[in-house]
Amino acid sequence: QVQFVESGGGLVQAGGSLRLSCAASLSTFSTNAIGWYRQAPGKQRELVAGISSVGSTNYAGFVRGRFAISRDNAKNTVFLQMDSLKPEDTAVYYCNVPAWVVTGRGGPYWGQGTQVTVSS
């Protein structure tokens, strides 16, 4: 059974940092790219960062240079280090397999997410 459990969110002041974790129950974890997504109130969910099975990374322009994604295949976990946080980063953060999200297959596997709130 596929499951993603996100953690590490919280309330932080602008300029602060948080480190999010995504623990995946996924037998093919090491061979799948994993992405971090976020959804702010009243907005659509958007891709924040992704990491391939071999560690190549990509970032949305609005977080490039501030966020860093990494993975630990031994622990089936993906991390998102968020620095220089801004109030506009406030959202619920989720993880999923990007290829599944694009095709719709990822729909049933969205977890509860972790809330990040950045105060000004």
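Please refer to the structure placed before this passage.
What counts and how
- Residues numbered from 1 in each chain as written.
- Predicted model: local features only at pLDDT ≥ 70, side-chain atom pairs only at ≥ 80, totals over all residues.
- Heavy atoms only, no water.
- Pairing = 2+ DSSP bridges.
- Helix = DSSP H or I, 4+ residues; strand = E, 2+ residues; numbered from the N terminus.
- Axes fitted to C-alpha atoms, helices over the stretch in contact; angles between N-to-C directions.
- Contact = heavy atoms within 4.5 Å.

A.B. asks: Hey, could you run me through the sheet that holds strand S1 (residues 3–7) in this one?
C.D. replies: In any sheet, the strands associate via hydrogen bonds between backbone groups, in a parallel or an antiparallel arrangement. The four strands are arranged S1-S3-S8-S7 in an open sheet whose pairing can be described as antiparallel. Single-partner strands in this sheet number two, and they are S1 and strand S7 (67–72). Recorded for the sheet is a direction-independent mean angle of 15° between the axes of neighbouring strands. Pairing between S7 and strand S8 (residues 77–82): six bridges, direction antiparallel. Directly across from Asp72, in S8, lies its bridge partner Thr77.

A.B. asks: For this particular structure, what's the right way to read the side chain of Asp89?
C.D. replies: Inspection of the secondary structure assignment puts Asp89 in the loop between S8 and strand S9 (91–96). Here Asp89 is in contact with Arg38, Arg66, Phe67, Ser84, Val116 and Val118, once residues within four sequence places are set aside.

A.B. asks: Honestly, the sheet that holds strand S4 (residues 34–39) in this entry has me stumped. Any pointers?
C.D. replies: The strand order across the open sheet built from six strands is S2-S10-S9-S4-S5-S6, with neighbouring strands paired in mixed fashion. This sheet does not close on itself; its edge strands, each paired only once, are strand S2 (10–13) and strand S6 (57–59). Mean inter-strand twist for the sheet, computed between neighbouring axes without regard to direction, equals 25°. Where strand S5 (residues 46–51) lies against S6, three bridges are found, and the strand directions are antiparallel. Residue pairing across strands places Gly50 opposite Asn58, the latter belonging to S6.

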